Amino acid sequence: MGFGLAMVFFGVPFTAFTYWILSSVPLTALGLACVILGATIMITPSSPVPKGAIRAMVEGSCVNVETLLEECNVTEKAFYLPPKEGRVYVFVPLRSNPHLPDASEVMRAPMRVITEVRGSPGLLIFPPGSELTRLSGLSSGSGLEDALRHVLVDFVEAAESVKAVREGDKVVVDLVRPRLRTDFPRFRRVLGSLVTSIAGCVLASCLELPVVFDEEQGDGERVRAVFRVIS
Amino acid sequence: MDKHKVYLVSLASLLFLIVVGLATLKETRLDVYVSLFTVSYFVTLAVFRPRRRVSDVVGATLFIAFSLIVAFKVAEILLR
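Please read these numbers as outputs of a predicted model, since none were measured by experiment. (Residues numbered from 1 in each chain as written. Chains lettered and ligands numbered in written order. Predicted model: local features only at pLDDT ≥ 70, side-chain atom pairs only at ≥ 80, totals over all residues.)

### Topic: helix 9 (residues 194–207) of chain A
Residues spaced three or four apart along an α-helix face the same direction, because each turn holds 3.6 residues. Residue and element names in this part refer to chain A. Between its first and last C-alpha, helix 9 extends 20 Å over 14 residues, near the 20 Å set by a 1.5 Å rise per residue. With 13 of its 14 residues buried, helix 9 lies for the most part within the structure. Among the residues trailing helix 9, E208 stands out with phi positive, at a value near 55 degrees. (Helix = DSSP H or I, 4+ residues; strand = E, 2+ residues; numbered from the N terminus. Expected span 1.5 Å × (residues − 1). Buried ≥ 20, exposed ≤ 12 C-beta atoms within 10 Å, placed from the backbone.)

### So, the sheet that holds strand 1 (residues 79–84) of chain A
Residue and element names in this part refer to chain A. Ordered in space as 3-4-2-1-7-8-6-5, the eight strands form an open sheet in which the pairing is antiparallel. Sheet topology places strand 3 (114–117) and strand 5 (161–167) at the edges, where each strand pairs with a single neighbour. If you compare each strand with its neighbour and ignore which way they point, the axes differ by 30 degrees on average. Alignment of strand 7 (residues 211–218) against strand 8 (residues 222–229), held across seven bridges, turns out to be antiparallel. Among the inter-strand pairings, G218 is bridged to a residue of strand 8, identified as V223. (Pairing = 2+ DSSP bridges. Axes fitted to C-alpha atoms, helices over the stretch in contact; angles between N-to-C directions.)

### A short note on the packing of helix 2 (residues 25–43) of chain A against helix 2 (residues 30–48) of chain B
For the pair helix 2 of chain A and helix 2 of chain B, interaxial distance at closest approach is 10 Å and the crossing angle is 30 degrees. In terms of their interaxial angle, helix 2 of chain A and helix 2 of chain B are classed as roughly parallel. Between helix 2 of chain A and helix 2 of chain B lies a crossing of right-handed hand. Counting all contacts with helix 2 of chain A, which are made through V25, T28, A29, L32, A33 and I36 of chain A, the residues of helix 2 of chain B involved are L30, Y33, V34, F37 and Y41 of chain B. In terms of residue class, the contact of helix 2 of chain A with helix 2 of chain B is built from ten nonpolar, one polar and no charged. (Parallel < 35°, antiparallel > 145°, perpendicular 65-115°, else oblique. Left-handed = near helix turned anticlockwise from the far one by under 90°. Contact = placed C-beta atoms within 7 Å. Nonpolar A, V, L, I, M, F, W, Y, C, P; charged D, E, K, R; others polar.)

### Brief notes about the pairing of strand 4 (residues 120–125) of chain A
Across four bridges, strand 2 (residues 87–93) of chain A lies against strand 4 of chain A in antiparallel orientation. Residue pairing for strand 4 of chain A: F91 of chain A is matched across the bridge by L124 of chain A.

### Considerations on helix 1 (residues 2–21) of chain A
An ideal rise of 1.5 Å per residue puts 28 Å on 20 residues; helix 1 of chain A measures up with 28 Å between its terminal C-alpha atoms. Positive backbone phi, at 50 degrees, marks S23 of chain A, one or two positions downstream of helix 1 of chain A.

### A word on the packing of helix 1 of chain A against helix 2 of chain A
Residue and element names in this part refer to chain A. At a minimum axis separation of 7 Å, helix 1 and helix 2 run at an interaxial angle of 160 degrees. Overall, the two elements helix 1 and helix 2 adopt an arrangement that is roughly antiparallel. When you trace helix 1 past helix 2, the crossing you get is left-handed. The residues of helix 2 that touch helix 1, namely those facing F3, G4, L5, M7, V8, F10, G11, V12, F14, T15, T18 and Y19, are L27, T28, G31, L32, C34, V35, L37, G38, A39, I41 and M42. Class assignment of the residues belonging to the contact of helix 1 with helix 2 gives a composition of 16 nonpolar, seven polar and no charged.

### Thoughts on the interface of chain B and chain A
Residue-level contacts link 24 residues of chain B with 17 residues of chain A. Broken down by secondary-structure element, the contributors of at least two residues to the side of chain B that touches chain A are helix 1 (3–24), helix 2 and helix 3 (57–79) of chain B. At nine residues, the largest contribution of residues to the side of chain B that touches chain A is made by helix 1 of chain B. Partitioned by chemical class, the residues of the side of chain B that touches chain A number 17 nonpolar, two polar and five charged.

### Some remarks on the environment of R186 of chain A
All names here are of chain A. For R186, the position within the fold is in helix 8 (residues 185–191). For R186, a count of 19 C-beta atoms within 10 Å translates into the label partly exposed. Once residues lying within four places of it in the same chain are set aside, the contact partners of R186 are E66, L69, E70 and V74.

Remember that the coordinates give geometry; whether it matters functionally is a separate question.
Right, here's the structure in full:
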C-alpha cells in the first residue's frame, strides 16, 4: 500500500512535468505507467486472506461434522441440497436405501438436524463448503467448471486447478493439487474429502438440484470425485 | 510466489516493455501508449483475476480513457 502510494505520488508530478515542461511522450508514458502500477498496488491486497489460518479454520470446522457422523454411525453417501436461504445443506440417510428419493422429496425434507425423507431418517448437516460457496459471491448463471474454479481455485485457493465434466446424470470433478487436508475418515467416506465436499456444495448451488456424492479417488496430486445429479 | 505478486510483477513488466518498445519505435502519440496500457491491464486482470480492496477504479479509468480515445479516432475519421 505504501509503495503504491509512493509510486502514485512520484508518477503524477513526473507525468505533468514531462508532458508540459519536457514535452517528452515516452517519459510521460513512463509516468503514467508508474501511476497505473502504483494505483493497482494500492487496490490489490498484499495478503488478501491469511490462507493458513483460513484453511485451518475450515479444516477445524469438520470436527463437529465428523463427531456427529461418528455418533450416528453414518455410512451412507451425502446428498448436497440446493441452497435454502443462500446456504447449501447436506442430507445424509441414516439407513441404507437402494432406491434414491427424487429431488423434490429430498428438498422438502424438514429443516432439522434429524429429519426424514419418505419415512427414511437422516441427518441434515451444514457442511463447511456451504458458507464458502455463499461468501464467494457465485453468480447464478455460471457454468459448472467456471463456478468450481471461482470457489475452489480463486476464492479458497484450495486447489491449483479444477475440471468438471457432466455425463448424463454424473458429474466428474478433477482437482489438481488440493491444498486442504481432511484427516476425518467418516467425513471422507460420507461427504468426500474437504475439497470434494466444497465441490459438492458448488455443484448443488450451481445446478440448483440435489447431487449425491458417489465416489472419490486420489493421490496427493489429484483428486477425482464423482457426483450424481438427482432430478 | 503468491498469485498477487506474480500479477503485479507481470503488469509492471508489461507496462515497462510497452514504454521501452514504443519509445524504441519513436512513437510520439500518447494515445497509443494509453491504449496498450489498457489492453495489458485487462489482459493481466483476466489471466490472474486478483482480489481488490475496493472497486477497480484503475480499470474503470483506463476503460473510460480507452473509450474516449476510440471515440475521438472514430469522430476524426468520420469528420475527415
